[in-house]
2 protein chains.
Amino acid sequence: MNLLVTIKEVAKLAGVSMTTVSRAYNPKSVIKESTRQKIFSIAKDIGYAPNLSARGLVTNKKFVIGVFLSSIHTNMSTFLSDILSNIHDGLPDNYLLSVEGIDRITDFNQKVKNRFDGVIVVSQSTADDTFIYQLKDNHIPSVVILRPIDNDDIYNIYSDDETGILEEIKLIAENGHKSIGMIGGRPEFVASIKRRRAVETGCAINALSLEPAAIKMGDYSPESGQVLMEEILELPTDQRPTCIVCANDDMAVGAIRACYENNINVPNDISIIGFDNVDYSKISTPALTTVSNPIGLMSNMAIKKLISIINDETDNDNPQTSVVLQPKLIIRESLANIK
Amino acid sequence: MNLLVTIKEVAKLAGVSMTTVSRAYNPKSVIKESTRQKIFSIAKDIGYAPNLSARGLVTNKKFVIGVFLSSIHTNMSTFLSDILSNIHDGLPDNYLLSVEGIDRITDFNQKVKNRFDGVIVVSQSTADDTFIYQLKDNHIPSVVILRPIDNDDIYNIYSDDETGILEEIKLIAENGHKSIGMIGGRPEFVASIKRRRAVETGCAINALSLEPAAIKMGDYSPESGQVLMEEILELPTDQRPTCIVCANDDMAVGAIRACYENNINVPNDISIIGFDNVDYSKISTPALTTVSNPIGLMSNMAIKKLISIINDETDNDNPQTSVVLQPKLIIRESLANIK
DNA sequence: ATGAAAGCGCTAACAA
DNA sequence: TTGTTAGCGCTTTCAT
């Protein structure tokens, strides 16, 4: 099989000009259908595939979409496959999907500029803002998901975490709890700050007390949830809350693990609730009461929006640049009714 | 910021020719260091980034590595982030990493040909073979990991599952078990077949009986583990084995969940062991006794090998095309000693 | 150590 | 509906 089959050879064999072959590959150009079929048939025979470098040089298109996450590391839960499979579902066939961590970009010009037709930023941290504004400055079509960006020019899809937490706290109060603790997330993540504030607000509204000695900040990993829960369990029993609110499911599972090792039954001895509704929260023991975080849906909406931006289908019907999704309470087993 | 800064403008501003600017960006070309620095400085000022389409047209390089998985779907455990973070660790700065599922490729010529400098195939199924041979036919540098390929021309890294299983079975026997059951994986995956056979062999060696009524085949999802375990629990008690071997950790966790719902304690009432040693197997309750499947390590070895192939650093010291990794027994809590 | 010119494979006017 | 021609931005001879 030849390594360098060009448009020229196809043209010669088909008895047409290069332009005609080129047109055969462009869906919206005028060409007799029989000619197109003939060209495709020959192309297939000799193994011709358009050279995208040459095409890109002329059209300035790359047929590559970039997905940039704040960071790619092990221990990401099922996060990544959820995002990628949902993006692929909306990705046109001829596009490639490149995946990269923002924290690894050393040279924007080399790594990003001139390489993507569009970019989806899955952002968890304000540290990503520099990158996001570079995208904007370079006029690279972008959609930012997962956290709100305070800029009307940037298309943005995120979930209304506060409402979710507020509902969670209300549910806890309704189940007769009076005092709660919390295991929060990384302080550098916007979501952590907002979730913590929402917990405080929720406690105020529902006349719950948030035990200061049982407020811990983790790093979203199961291990940190476990370690921090150990600390909470060491509290004198009169200070120990009857329910611990965790900033994500991973830490909640770690917290359950800590209880298990200390022979403390969840939820009979203490209740634990999570956030995110990751896949395995429903098969953990006990199954987690949590709040959905529709990251798959956001990813799918993001790629659809991005493609429409790239194809310049500016929707004047729907000019809004931000979409806020509503979270949903998922009630399972880890919260006890102690009334 | 200008959208189309070319080599020409940099050349003009630096008072040199286009060729010299081009040389500045090629590490192994002869150029005075001061000129190079001057060019870089100007390039940075006016926001120049080489146009990779133009470069690729000449050099036939794409600066894109492709990662192809058998399939990308939700519920993949932490598999994907483990693979990607390890590949990124070995990826040169100027390369993009494209991620795709083999099961979504409709047109090899369009999606693959002429688009990658090299490809890593993370293969779980013989269904991928067509794709793998297309890579070979098109002379695209490739490394296949996760499952053995029976072809000496294809660079291949995988783990010796059988040995792992055999050790697992031996451990079960040493802990006093006499009869076991199994929850296997998808029959279309090579690994499933081999793991099942290894279980049978292990039973023969260690004088264990594999209860026919307690052999079930699942699809590697936690849900299938749960459903299948329910079936096993419905068996009359004299037929119910004292230990269930699961083909992966996800199904093992599902099986534990089934026990929990039926008030059966793991491992006191029944033992369950897994395979893969995924991240959360150590914080599940009980923590899983399992076998490591060094997929992160394989990914890292694969990218290093691939880059060396691309850079034509043919290592005559080490001409082997296959590497077999040894698995490790991870002993935790889910297997009881019933002696 | 640097420059001039040819050409990579393709698309986009313009012409027929 | 199809063909001719110019040129996209870069690297690579071959000079100097």
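Please refer to the structure higher up on the page.
Note that the coordinates shown come from a computational prediction; the quantities given were computed from them, not determined experimentally.

**With respect to the overall build of chain A**
Link 1 in the chain: If you tally the helices and strands in chain A, you get twelve helices and twelve strands.
Link 2 in the chain: For 339 residues, the compact-globule formula gives about 20 Å, and the C-alpha radius of gyration of chain A, at 26 Å, lies well above that figure.
Link 3 in the chain: When its C-alpha atoms are laid out on the principal axes, chain A stretches across 90 × 40 × 35 Å.
Link 4 in the chain: Evaluated residue by residue, chain A yields a buried proportion of 58% over its 339 residues.
Link 5 in the chain: In chain A, the share of contacts with a sequence separation of at least 24, taken over all contacts with a separation of at least 6, comes to 73%.
Link 6 in the chain: For chain A, the exposed surface amounts to about 14,500 Å²; the carbon and sulfur share of it is 51%.
Link 7 in the chain: Of the side chains in chain A, 33 bear a positive and 42 a negative charge, and the two mean positions are spaced by 10 Å.

**A short note on the packing of aromatic side chains**
Residue and element names in this part refer to chain B.
Link 1 in the chain: One pass over the full model with this rule turns up 13 aromatic pairs over all chains.
Link 2 in the chain: Here Phe 68 and Phe 116 contribute two aromatic rings whose centre-to-centre distance is 5.5 Å and whose plane-to-plane angle is 85 degrees, an arrangement assigned as edge-to-face. Linking Phe 68 in strand S1 (residues 64-69) with Phe 116 in the loop between helix H6 (108-111) and strand S3 (118-122), this pair joins segments that are 48 residues apart in sequence. Judged on exposure class, the residue Phe 68 and its partner Phe 116 are both buried.
Link 3 in the chain: A ring pair is formed by Phe 68 and Phe 131, whose centres lie 4.8 Å apart and whose planes are at 50 degrees; its orientation type is tilted. With Phe 68 in strand S1 and Phe 131 in helix H7 (residues 129-137), this pair connects stretches of sequence that are 63 residues apart. You'll find Phe 68 and Phe 131 in the same group, each marked buried.

**Details of the relation of the copies chain A and chain B**
Link 1 in the chain: For the pair chain A and chain B, the best superposition has an RMSD of 0.1 Å and corresponds to a rotation of 180 degrees with a translation of 0.0 Å parallel to the axis. Taken together, the rotation angle and the small translation identify this as a two-fold axis.
Link 2 in the chain: When the interface residues of chain A are mapped onto chain B, 99% of them again lie at the interface, so the same face is used by both copies.

**Points about the sheet that holds strand S7 (residues 209-217) of chain B**
Residue and element names in this part refer to chain B.
Link 1 in the chain: Taken together, four strands build an open sheet; the order of strands is S7-S6-S8-S9 and the sheet is parallel. The open sheet is flanked by S7 and strand S9 (271-273), the only strands paired with a single partner. The mean angle between the axes of side-by-side strands here comes to 20 degrees, regardless of whether they run parallel or antiparallel.
Link 2 in the chain: As paired strands, strand S6 (residues 179-184) and strand S8 (residues 243-246) are joined by four bridges and run parallel to one another. Bridging across to S8, Met 182 finds its partner in Val 245.
Link 3 in the chain: In the packing of helix H9 (residues 190-205) onto the sheet, contacts are made with S6, S7 and S8, and the angle to S7 comes to roughly 165 degrees.
Link 4 in the chain: Where helix H10 (residues 222-233) meets the sheet, it contacts S6, S7, S8 and S9, and its direction lies at approximately 140 degrees from that of S7.

**Topic: the protein's contact with DNA strand D**
Link 1 in the chain: Of all residues adjacent to DNA strand D, which total 25 residues, the nearest are Thr 19 and Thr 20 of chain A together with Ile 7, Ser 22 and Tyr 48 of chain B.
Link 2 in the chain: Among all atoms of DNA strand D positioned within 4 Å of the protein, those belonging to sugar or phosphate total 56%.
Link 3 in the chain: Between DNA strand D and Thr 20 of chain A, the relevant distance is 2.5 Å, taken from a phosphate oxygen to a side-chain nitrogen or oxygen of the residue.
Link 4 in the chain: With respect to DNA strand D, the backbone of Ala 54 of chain B contributes an N or O atom lying 3.4 Å from a base nitrogen.
Link 5 in the chain: Counting residues per element, the ones that place at least two in the surface near DNA strand D are helix H2 (18-24) and helix H4 (52-59) of chain A together with helix H2 (18-24) and helix H4 (52-59) of chain B.
Link 6 in the chain: Sorting elements by how many residues they give to the surface near DNA strand D places H4 of chain B first, with five residues.
Link 7 in the chain: A class-by-class count of the residues in the surface near DNA strand D yields 13 nonpolar, nine polar and three charged.

**What to know about the interface of chain A and chain B**
Link 1 in the chain: In this complex, chain A contributes 70 residues to the contact, which on the side of chain B involves 70 residues.
Link 2 in the chain: Roughly 5,900 Å² of surface becomes buried between chain A and chain B when both sides are summed, with 52% attributable to carbon and sulfur atoms.
Link 3 in the chain: If you look at where chain A meets chain B, you find six salt bridges.
Link 4 in the chain: Its salt-bridge partner being Lys 282 of chain A, residue Glu 223 of chain B comes within 3.5 Å of it at the nearest N-O pair.
Link 5 in the chain: Summed over the shared surface of chain A and chain B, the number is 31 residue pairs in polar contact (both at pLDDT 80 or more).
Link 6 in the chain: Those elements giving two or more residues to the side of chain A that touches chain B turn out to be H4, helix H5 (79-89), strand S2 (96-101), helix H6 (108-111), helix H10 (222-233) and helix H11 (249-261) of chain A.
Link 7 in the chain: Here the side of chain A that touches chain B takes seven residues from H5 of chain A, the largest share from any one element.
Link 8 in the chain: Across the side of chain A that touches chain B, the residue classes tally to 30 nonpolar, 25 polar and 15 charged.

Criteria and thresholds
Residues numbered from 1 in each chain as written. Chains lettered and ligands numbered in written order. Predicted model: local features only at pLDDT ≥ 70, side-chain atom pairs only at ≥ 80, totals over all residues. Heavy atoms only, no water. Helix = DSSP H or I, 4+ residues; strand = E, 2+ residues; numbered from the N terminus. Rg over C-alpha atoms; globule rule 2.2 N^0.38 Å. Buried < 20%, exposed > 50% of the residue type's maximum accessible area, 1.4 Å probe, protein only. Contact = heavy atoms within 4.5 Å. Areas by Shrake-Rupley, 256 points an atom, 1.4 Å probe, with all protein chains shown as cover. Lys, Arg positive; Asp, Glu negative; His and termini not counted. Charge placed at Lys NZ, Arg CZ, Asp CG, Glu CD. Phe/Tyr/Trp six-rings, centres within 6.5 Å; stacked < 30°, edge-to-face > 60°. Least-squares fit on C-alpha atoms with pLDDT ≥ 70 in both. Pairing = 2+ DSSP bridges. Axes fitted to C-alpha atoms, helices over the stretch in contact; angles between N-to-C directions. Near = heavy atom within 4 Å. Polar contact = N/O pair within 3.5 Å; in protein donor to acceptor, adjacent residues only side chain to side chain. Nonpolar A, V, L, I, M, F, W, Y, C, P; charged D, E, K, R; others polar. Buried area = accessible area lost by both parts, 1.4 Å probe. Salt bridge = Lys/Arg side-chain N within 4 Å of Asp/Glu carboxyl O.

Worth remembering: the numbers are spatial, not functional.
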